[in-house]
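Here are the chains, one letter per residue:
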Amino acid sequence: MVGPRHPKSPIPGSRLSGATRRSALGLLLGAPVLSACAGVQQGLSQFSNPFSSSTPPAQPAGPQQQATTAGTGGVKVGLILPLSAAGNAGLAAQSMRNAAEMALAEFQNPNIQLLIKDDNGSPQGAQAGAQQAVDEGAEIILGPLFAQSVPAVAQVARTRGISVLAFSTDSSIAGRGVYLLSFLPESDVNRIVEYSASIGKRSVAVLVPDNAYGNVVEAAVKAAVPRRGGRIVAFEKYGADRATPARTVAPQLGSADALFIADDGDAVVSVADAMTAAGANLRNIQLLGTGLWDNPRVYASAALQGGLYAAPDPAGFRAFSGRYRTKDGGEPVRTATLAYDAVALVAALARTQGGQRFSSDVLTNPSGFAGIDGLFRFRADGTNERGLAVMKVTQGGGVAVAGSPKSFGA
């Protein structure tokens, strides 16, 4: 456990708190109200494909960047990102740093100072950055991005009794004092299964990729479907060969009213085409997917029209993107909102929660927090739960058919 327990202390989002849920996160403190700003809606799969950031890039990283600071407050917060990593990882890290600094600018007089460290895309760099941050007085660490780097940072943080809010999508590295502020596939699965059951779709055929992401989705869907009173009538994994699993599942669709395909972009289109080639009439069944369906290739696919998937309400990211472009002159990566929300959260907690600001009791408040991408809350095991919308695939993009919840259930 991180920090002493004070169960009666006010917690953001709870009914006992003097702060509203909005002020608890600080998202709207000094920031424009969310609006449908014009801008490009980048797909969740572009930079947040679960496990795509689980390992450092193969290409050599550039020279490690010098540590910098942002803000002048008295509460010090470490921010560890692969700023000099090669390829998309480095670009994502730069965008996330911009978003973190944007959160500071939009939060009215935050009492925090960010200690920004470049981990060079390696566990060794992440550990060194974390050590520097705690030696400089960091009370909590935000980051790193790569799953392989999280344990190295956690080891340093635990010696000082402080928490880590990491951006990895690999839930296996969550744990005591290590909380994941990311888009986890489990939330997608739970939301879409819950919604499909609510509209009477309880007999589900499932196709998932034979990889780490597919393994996580498999465990989640096999738990979620029976929990909602449904049954899985067919289940297959696929690799490069999509045709053979499709031929196995297609004849069983007569006893199913939904087909769940967990993949993104070209892959999910390829699986749908393989099902059609195997004789399946996908117009007669409800197609279901995860947030990785937020992809132009999915929207352009005739076979996937009308499919439903769970994802954050895109209005939040559109509004954020508009403000980001105004400040930094470019487009944010999709995961930039994670860095923004992390900084806004710690700034709000520093303002409202006194000495218990980053304790486990405060961070795991069951009422959760309101972020750019909607509600989120941390579980005691370090994973998170998100309040997601249900989107429908159309040729014009994703259209919400069920909004994100305004509060969490028990």
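Because the structure is predicted, anything quoted here is derived from the model rather than measured.

**A short note on the pairing of strand β9 (residues 258-261)**
Alternating positions in β9 separate into two faces, A258 and F260 on one and L259 and I261 on the other, with burial throughout. In terms of strand pairing, strand β7 (residues 203-209) meets β9 through 4 bridges, oriented parallel. Residue L207 lies in a different strand from β9, and its bridge partner there is I261. Of the strand pairs in this sheet, β9 and strand β10 (residues 286-289) are connected by 3 bridges, and their pairing is parallel. Counterpart to F260 in the pairing with β10 is L288.

**Comments concerning the packing of aromatic side chains**
How two aromatic rings sit relative to each other is set out by the distance from centre to centre and by the angle between their planes. For the structure on display, the rule yields 7 aromatic pairs. Geometrically, the ring pair formed by Y179 and F378 is tilted, given 5.6 Å between the ring centres and 50° between the ring planes. Of this pair, Y179 sits in strand β6 (residues 178-180) while F378 sits in strand β13 (residues 374-378), placing them 199 residues apart in sequence. Judged by its relative accessible area of 3%, Y179 is buried. Aromatic pair F376 and F378: ring centres 5.8 Å apart, planes at 70°, arrangement edge-to-face. What makes F376 buried here is its relative accessible area of 0%. When its relative accessible area of 2% is taken as the criterion, F378 is described as buried.

Analysis parameters
- Residues numbered from 1 in each chain as written.
- Predicted model: local features only at pLDDT ≥ 70, side-chain atom pairs only at ≥ 80, totals over all residues.
- Heavy atoms only, no water.
- Buried < 20%, exposed > 50% of the residue type's maximum accessible area, 1.4 Å probe, protein only.
- Helix = DSSP H or I, 4+ residues; strand = E, 2+ residues; numbered from the N terminus.
- Pairing = 2+ DSSP bridges.
- Phe/Tyr/Trp six-rings, centres within 6.5 Å; stacked < 30°, edge-to-face > 60°.

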